[in-house]
Every structure is written in C-alpha cells, then in structure tokens.
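Next come the chains, spelled out residue by residue.
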Amino acid sequence: MPPLPTVLVSGAGVAGLATAWWLRHYGFPVTVVEKAPLLRDGGQAVDIRGVALEVVKAMGLHDTLQAQRTRLRGLSMLDRQGEPVSVDDSRTFSGGKLDSADIELFRDILCRVLADAVGASADICFDEHITALTPGANGVTVSFARQLSRTYDVVIGADGVYSPVRRHAVQPGDDCLRPLGGALAFYSAPNLLALDGREGMYRDAELGVVVYPDASGRELRVGAGFGAEVDSALRHDVAAQKALTRAQLRGLGGHWQPLVDAVDSTDAFYFGELVQVKLPRWSNGRVALVGDAAHCASPFSGQGTSLALVGAFVLARELANTPTTPEAAFARYEARMRGFVDLNQALVDMTRQGPVPDAQMAAAANGIELPDLRAA
C-alpha cells in the first residue's frame, strides 16, 4: 500500500488544529505552520454547538472540554457607568441558555486542548508562515519565511479571514470579503468589575461591550463591537487599532474606566473587521481552505467555532476516502458543507438582542442536510 500524502496545514487556530488531529487520526503525515511564536492567549468565549458536539465526542474530547467551560452564572446588563441595570440568571448573551448542551469556553483554552490532543503526532512549527505556493504535477512547492522550500502533496489553509493560502492559491484580493459595517476588538484586562461570575454587557445604538471573567477569575475578557469604517491599513497596525477602539469606548466612565484604560497596556489584543467570506469554491487543485479562510460567518453568527470543527472533520474524512485524488475529495467536502455554511452565514443579524438562533433546528426547518458524521 503506497504511503499517504504529506499534508501542510497553515494556521494553529481551532480549524487548523482540528484538521491536523483528524488527518493524523486517518494516518496522514502532517506539518502545521503558525505565524505566531506560540499559541495565542486571550480571546473571546466561543461555543461548540449542535453537530460540532458530535465531532468533539468522536475526538474523545467532549468531557475535557465540558470541564473547561466558562460556567458563567448569568447576564448582568450595565449602564454607561458600569452599574447594574438588570440581571438574568437563565442565560448569557454570548452562549444562550445556561441549561443547554452547548459548550462555551474560551478560545485559547480550546486551542490548548486541541494542541495537546495533536501532541507529538504532528509537527507544529511556530514563528513561521508561507510566502508562496507553486503547484506542480506531483504536489505543491511551498516557500516559507524562515526555512527552505519544501514540496507537499496537499496544502490546507486554515489561516483565517485574511488567509495567505487563499490569496496565493485559491482567490487573490479581497473580493470575497463582505463587510458587515463594523469592527470587533477583544482584549484582556484586570478583573475590576464586581460581576459575581456573570457576564456583563452594555449596549446602545452604536456600541456593544461584553465582559466576562476568565477561568481564574483574576482577569476579564472584554469584547467591544462598534460601527466604524475600517481601512485595510489597520490590519497590521496594532497601535492604530487600539486608538480606534479606545475612541469608540470614550463615552464609558465610572466602573468602565479602568477597562477602557487597559486597551493601551494589554498584550492580549485582537481586532478585526466584521466581515463574511463568500467564495465560489474552497479549493484549487491540491490546495483547500477550511474554517474562516473558506467561509467566515463572523462572530455575530456564534457559529464560527462549530463550523471550523465540523469542516475539519469532513475535509479530513473525504481526503482519507480518496487520498490519491485530493481534487475529488475537496469537491465532496464542499458539497457536504456548503448548505450548512450558507445557513449559518444567514443567521447573522447585526441588530440581534439575544443569543444566536439554533442552527441545528434552522437546518431541519429549511430542509438542509447536516454534514454526516458517521464512520468517524
């Protein structure tokens, strides 16, 4: 029996690590490259919902992730001074009903669990990124920023909304980005709000801010969403991103003020335009995309993590079914995922006041077939 194809995965986020896990599960030799020097700390609470719960069960990770959930006690609506206005101990804004089967946990914790599960089975190369992809008859030659070029049989882009793999090999430019009219900043700050284990939220017509304690209780994760024109030059200018975020928060005072001030000093800071990625195809030859690189639904869908986990499984399984014909495998992967992705992207409502709708129920109501998780 011939050896399985070699695979390069670009990106060590949820989509990349889950893809690496499934590919190793099916026996593929996998290398992961990640531009950051380490797994990224900080970030928002994310949710594993619906069919994605079956994926993590098949990975043997459900109980581990369940033990790491945020365990928030409810939602406290706050005013512009950070004073409580109302309390709801039945749900949170980010995760929905507290008694649901969904798992809400912080993104960095999820990535650490996935990385530990991948372990020594995959070679994760940090502080490295792809600079060029050259397709050939027998594979894809990959040029790197730091190491020598190497040829892989298959390349998977799990490298986010602004995916370099997508630009190099599937679709150049930003034509696939659909702006939703705003931006989102996440950062870490000292826990200086008396939230008593609840999620705190402020919202007006122009600004939404959500805060929640991390697993230790010593730190707050702060998310700020606002309507703003975001120039593409901001994508690589953290100082300008922080300045814009602070300007949007300037109307908040009282208990909020230390959290506003923390924007300048925090090292754990993420900023992104609110966009969706819509592509006519998610692959080209021996190169395929997964997660946000293929079909970002935006954080306002509440489904990005679940889509990444499900897509990683479907992509790896289809490649395992026909390892010598990746083009056919990628076509089947897209056929199985496309309707589910379209549904999740359609859930986005920028005026939404409550939790994200249940995509599983919406799929059934719309006659959409969920990705098949049998034969995991």
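Residues numbered from 1 in each chain as written. Predicted model: local features only at pLDDT ≥ 70, side-chain atom pairs only at ≥ 80, totals over all residues. Heavy atoms only, no water.

(A) Just the sheet that holds strand β9 (residues 123-126), in detail. Taking strand neighbours across the sheet as the criterion, the 6 strands line up as β9-β2-β1-β13-β20-β19 in an open arrangement whose pairing is mixed. At either end of the open sheet lies a strand with only one pairing partner, and these are β9 and β19 (283-284). Note: strand β1 (residues 7-10) against strand β2 (residues 30-34), 4 bridges, orientation parallel. Across the sheet, the residue bridging to Ser10 is Val33, located in β2. (Pairing = 2+ DSSP bridges. Helix = DSSP H or I, 4+ residues; strand = E, 2+ residues; numbered from the N terminus.)

(B) Expanded view of the environment of Val210. Among the secondary structure elements, Val210 is positioned in strand β16 (residues 207-213). Separated by 135 residues in sequence, Val210 and Leu75 have C-alpha atoms that sit 9.7 Å apart.

(C) Up close: the packing of aromatic side chains. The full count for this structure, using the stated rule, is 7 aromatic pairs. Note on Trp22 and Phe313: the rings are 4.7 Å apart at their centroids and 65 degrees apart in plane angle, and the pair reads as edge-to-face. Taken together, the positions of Trp22 in helix α1 (residues 14-25) and Phe313 in helix α9 (residues 304-321) put the pair 291 residues apart, joining distant regions of the chain. Accessibility classification places Trp22 together with Phe313 in one group, the buried group. (Phe/Tyr/Trp six-rings, centres within 6.5 Å; stacked < 30°, edge-to-face > 60°. Buried < 20%, exposed > 50% of the residue type's maximum accessible area, 1.4 Å probe, protein only.)

(D) Just α1, in detail. End to end, α1 covers 16 Å across 12 residues, agreeing with the expected 16 Å (1.5 Å per residue, within 8%). The buried count for α1 comes to 10 of 12 residues, which makes it a mostly enclosed element. Taken residue by residue, α1 has Val14, Ala15, Gly16, Leu17, Ala18, Thr19, Ala20, Trp21, Trp22 and Leu23 as its buried positions. At the C-terminal side of α1, Gly27 shows a positive phi close to 100 degrees. (Expected span 1.5 Å × (residues − 1).)

(E) Structural context of the side chain of Arg69. Within the secondary structure, Arg69 is located in the loop between α3 (62-67) and β4 (75-78). Beyond its immediate chain neighbours, meaning those up to four positions away, Arg69 contacts Ser100, Asp102, Ile103, Glu104 and Leu105. (Contact = heavy atoms within 4.5 Å.)

(F) Broad picture of helix α7 (residues 257-265). Buried within α7 are the following residues: Leu259, Val260, Ala262 and Val263. Mapping the buried residues of α7 onto a view down its axis gives an arc of 150 degrees, with all of them on the same face. Among the structural elements, β14 (177-190), β16, β17 (219-226), α6 (238-248) and β18 (269-277) are those in contact with the buried residues of α7. (Arc of directions from axis to C-beta.)

(G) Geometry of the nonpolar core. Within the largest apolar cluster, 89 residues are counted, with the highest numbers of intra-cluster contacts made by Ile48, Leu65, Val142, Val155 and Ile156. Among the elements that line this core, the one with the most residues is α9, at 10 residues. Beyond its immediate sequence surroundings of up to four residues, Ile48 is in contact with Leu53, Val56, Leu65, Asp102, Ile103, Leu105, Leu110, Thr305, Ser306 and Leu309. The next biggest cluster of nonpolar side chains, apart from the first, holds 28 residues, and it includes Ala189, Val260, Ala262 and Val263. (Core = buried A, V, L, I, M, F, W, Y, C linked by side-chain atoms within 4.5 Å.)

(H) How the structure looks around the sheet that holds strand β10 (residues 130-136). The strand order across the open sheet formed by 3 strands is β10-β11-β12, and the pairing between neighbours is antiparallel. At either end of the open sheet lies a strand with only one pairing partner, and these are β10 and β12 (150-152). Shown here is a sheet whose adjacent strand axes are inclined to one another by a mean of 30 degrees, direction ignored. The pairing of strand β11 (residues 139-144) with β12 spans 3 bridges and is classified as antiparallel. The residue of β12 that forms the bridge with Val142 is Arg150. (Axes fitted to C-alpha atoms, helices over the stretch in contact; angles between N-to-C directions.)

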